[in-house]
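Summary of structural features
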Amino acid sequence: MKQKIGVYICHCGANIADHIDVEKVKASVETYPGVFLARTTMFACSDSAQKEIEEDIRSNQLDAIVVASCSPKLHLQTFRNVAMRGGLNQYNYVQVNIREQGSWAHSDKPADATTKAIQLVKAGIARVAESKELEMLRINAANKVAVIGAGVAGLRAAVELADMGTEVFLIEKEHFIGGRVSQWGKLFTSDQTGEMIVKNLYKDVIKHPKVKLYTGTQVAAKSGSVGNYNLELKITPRFITEACIPNAFDKAIEVCPVEVDDEFNFGMNKRKAIYKNYASEFPHLPAIDIENCTKCGKCVEVCSNIDLDQEVRTETINVGSILISTGFDPYEPAEGEYGYKTIDNVITLQQFLRLIELSGSKLTYKGKEIKTVGYIYCVGSMQIKGDKKYCSRYCCTSAIHTANEVYDKYKVKSYHLNRGIRTYGKQELLYTQSSLNGDVYVEFDPKKEPVIIKNGKGAVINVIDLLTAKEELEIPVDLVVLVTGMVPRKGNTIGDILKVPIGRDKFFNEIHPKLRPVETVIDGVQIAGASQSPKNISESLKSSLAAASKAASLVSKGEIELEPTLAKIHKNICEWCGKCAAICPFGAITKTTIEGREVAQVNVANCKGCGMCLPVCPVDAIDLIGYTNREIESMIDALID
Amino acid sequence: MSETAKKTSAKVLVFSTEKISDPAIDLAGLLKLHYPPTVYVITVPCSSSVKPKWIMHAFEKGYDGVFIAADGSDCPFSETCTEKTSDIIAQTHILMKEKGMNPAKLKMAAICSVCAEPFVKHMNNFVEELSRN
């Protein structure tokens, strides 16, 4: 039993202290058995507070510490390190969660939240009082990473991981790589096109011996845990064995009788069931969209390398870690939202970008030349109600860049109906250029949104100008472009399979936005790019490099440190019935003989610390290190004290 | 009635798993989803590791209900985790009946790492049900 326990209760700024009376918690626990000192602290995780705790441990010879703060998912290791720096074994430290499971969960009942916090801290003290000095275990980890999603974030992460010596399985759901960036034309700041960026990344990926690329592939199931994940892949074939000679491929497209909306071009045109999104797309081999293919066989008649009998196959890969980079979808406005799908000349920014790519010397839409465009900003972003309260970060820049492009190419006049322009950093240059081009900026109140009215072959936008006497303006335009934000990918099953938590915005959630920005609560699963939150290309790549580094640091050593949570047999009680050995999924328990008695013994190398053997023992001869009867029962007692 | 005077709210002990259900319970807090503050959580590695004697100990100490937030099919240790946890529940129900206790005071449900809302719903219903009886 520890007798010199230090207890620290964190304000977490206002996060805890606004709803929990931390001084009352301190006063209630400082006389609890074993407590030597109790303090409150504004931010326990701050450098200065960490140093104070270290100094307390040293100067008072504390034999254990408790920090009552946030979830251990965030700062368990922070305070374990504090304990070690102060001279304590890290397992003589217990973290008590009074934020997520205290102040935040019960912010509606502050008095009760305080009572609960006192009980939780007492339970932490009871637990740490029973704690033992322990050492971490080490397990083998496969130096292999599965990167899910081959957009720019996934491609860049794959190259980086491979360069660090890690084997990479790059898994892309579509038959072509590049994700959203391959859909964009000229980009700011380098004037490169999306196609060029994807091409450069693809060249790096395809020449790297440590990267294996799977296209048309989805993760169907997962088993195992960090260091040793097994992923079952479902691979849909391209139905094309080798490239048709160019003319034969063109001919195959020509004879294909199927026509569907071209998703790559956001429905601005049609494509056939045999297709490539654009001529130089990667991998170079075309694909057949088997969901829409009628298997009429006309394409086979002109290209002998088409095989409509190819079948979906499965393959299992083993990896130590997983990096998710599945990107985003553009927000699809509801029918009637600013006239979308109800007024002919209302389209989204993504559709407009593809229209520009598909246009020649004249910019026309539905037969009419476009000379004036009205952009409506923040469609599906910064909404007052619903999940999309966030700024999508890239849309202001993208819209203004597009306006500059169509001014340079077609002398199009642009009206920007916005809610405050956010062309931060270097992107501000685009705004300056747009202003010099004569673009008109009108700021509107989100509670009084612009109204679009059909007017002959064009439209009129009615808007109240917030910044100039709040006058109602009528702006006739040829085309209305809805500047839509980012939303999480539709049908993104990988999140469900890996059980990665999502945030209020429905994007994947990191453990901590500042301290652990690319890790998730699922050990060994990292997130990158716009799967995590709206990001521009540059930000996506930065997060992908961070996630790649994190994944490599986890698996590249070939072993991972794990908690020393092991089953322990009390051999003086054990009467060997074999039930523990029978239930153990890892074959970690065997029979041995000690002084003529048959008893169970634990193979430390095989034991995973699940504790399944505990409840089946009829004589209660098994404890789990860190979860002993004494520890659990003393916590139960303290929580109701 | 003041908040602190509401002493009739049933006390519930939750056995939750570190990897799977703990994140969901934390997420409930993050999302400011409220459940009764008389719900206390003890973390274990796997729901199949909870000893019936711990549950009985909790009842003896005065908890009105015990809830096992099980990993279900997400358990990283065993595909048959639900079955094993159910066996623990069944075994404990026998012990509870022997002591004349209502088996409804012990419940389990699968709580995955994103099941914040289901957890809150379970807690609200369970505490209300226990407080009524």
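Here is what the cut-offs are and how they apply
Residues numbered from 1 in each chain as written. Chains lettered and ligands numbered in written order. Predicted model: local features only at pLDDT ≥ 70, side-chain atom pairs only at ≥ 80, totals over all residues. Heavy atoms only, no water. Helix = DSSP H or I, 4+ residues; strand = E, 2+ residues; numbered from the N terminus. Buried < 20%, exposed > 50% of the residue type's maximum accessible area, 1.4 Å probe, protein only. Pairing = 2+ DSSP bridges. Right-handed = clockwise from strand over helix to strand, strands pointing away. Contact = heavy atoms within 4.5 Å. Buried area = accessible area lost by both parts, 1.4 Å probe. Salt bridge = Lys/Arg side-chain N within 4 Å of Asp/Glu carboxyl O. Axes fitted to C-alpha atoms, helices over the stretch in contact; angles between N-to-C directions. Arc of directions from axis to C-beta.

What about the overall build of chain B?
When you go through chain B residue by residue, the secondary structure sums to four helices and four strands. In chain B, the succession of α and β elements from N to C terminus is β-α-β-α-β-α-β-α. Considered along the principal axes of its C-alpha atoms, chain B spans approximately 45 × 40 × 20 Å. Looking at chain B as a whole, 56% of its 133 residues qualify as buried.

A closer look at the pairing of strand β1 (residues 12-17) of chain B
All names here are of chain B. With six of six residues buried, β1 lies mostly within the body of the structure. Here β1 shows no split at all, with Val 12, Val 14 and Ser 16 on one side and Leu 13, Phe 15 and Thr 17 on the other all buried. Pairing of β1 with strand β2 (residues 39-44) involves six bridges; the strand directions are parallel. From the neighbouring strand, Ser 16 faces β2, where its bridge partner is Thr 43. Once the chain exits β1 it traverses helix α1 (residues 21-30) before rejoining the sheet at β2, and the crossover so formed is right-handed. Relative to strand β3 (residues 65-70), β1 runs parallel, the two sharing four bridges. When the sheet's bridge partners are listed, Val 14 is paired in β3 with Phe 67.

Things to note about the interface of chain A and chain B
Between chain A and chain B, the residue contacts involve 50 residues of the former and 51 residues of the latter. At the boundary of chain A with chain B, total buried surface from both sides reaches about 4600 Å², with 62% on carbon and sulfur atoms. Where Asp 523 of chain A meets Lys 19 of chain B, a salt bridge forms, and the shortest distance between an N and an O atom there is 2.5 Å. Mapped onto the side of chain A that touches chain B, the elements with two or more residues apiece are α4 (99-103), α5 (110-129), β34 (622-624) and α16 (629-639) of chain A. In terms of residue count, α16 of chain A provides more of the side of chain A that touches chain B than any other element does, seven residues in total.

Observations regarding the pairing of strand β1 (residues 5-10) of chain A
All names here are of chain A. Of all six residues in β1, six are buried, a share of seventy percent or more. Side chains Ile 5, Val 7 and Ile 9 project from β1 onto one buried face, and the interleaved Gly 6, Tyr 8 and Cys 10 project onto a second face that is buried too. With five bridges connecting them, β1 and strand β3 (residues 64-69) associate as parallel partners. Across the sheet, Ile 9 pairs through a bridge with Ala 68, a residue of β3.

Some thoughts on the sheet that holds strand β4 (residues 106-110) of chain B
All names here are of chain B. Across the sheet, which stays open at both edges, the four strands sit in the order β2-β1-β3-β4 with parallel pairing between neighbours. Each end of this open sheet is capped by a strand with a single partner; those strands are β2 and β4. Shown here is a sheet whose adjacent strand axes are inclined to one another by a mean of 20 degrees, direction ignored.

Quick look at the sheet that holds strand β15 (residues 313-319) of chain A
Residue and element names in this part refer to chain A. Taken together, the three strands give an open sheet; going across it, the order is β9-β10-β15, and neighbouring strands pair in antiparallel fashion. Looking at strand neighbours, the two that pair on one side only are β9 (217-225) and β15, the edges of this open sheet. Averaged over all pairs of adjacent strands, the angle between strand axes in this sheet comes to 20 degrees, irrespective of strand direction.

Description of helix α1 (residues 22-29) of chain A
The α-helix winds at 3.6 residues per turn, so residues separated by three or four positions along the chain end up facing the same way. All names here are of chain A. When α1 is considered as a whole, its buried residues turn out to be Val 22, Val 25 and Val 29. Down the axis, α1 shows its buried residues gathered within 55 degrees of arc, on one side only. Buried residues in α1 make contact with β1, β2 (35-41) and α5.

What about the pattern of salt bridges?
Under the defined criterion, the tally for this structure stands at 34 salt bridges over all chains. Of the charged contacts, one joins Glu 633 of chain A and Lys 53 of chain B as a salt bridge, the two residues approaching to 3.7 Å between their closest N and O atoms. One end of the pair, Glu 633 of chain A, is in helix α16; the other, Lys 53 of chain B, is in helix α2 (residues 52-61), on a second chain. Through salt bridges with shared partners, one network takes in Asp 620, Asp 623 and Glu 633 of chain A together with Lys 51 and Lys 53 of chain B.

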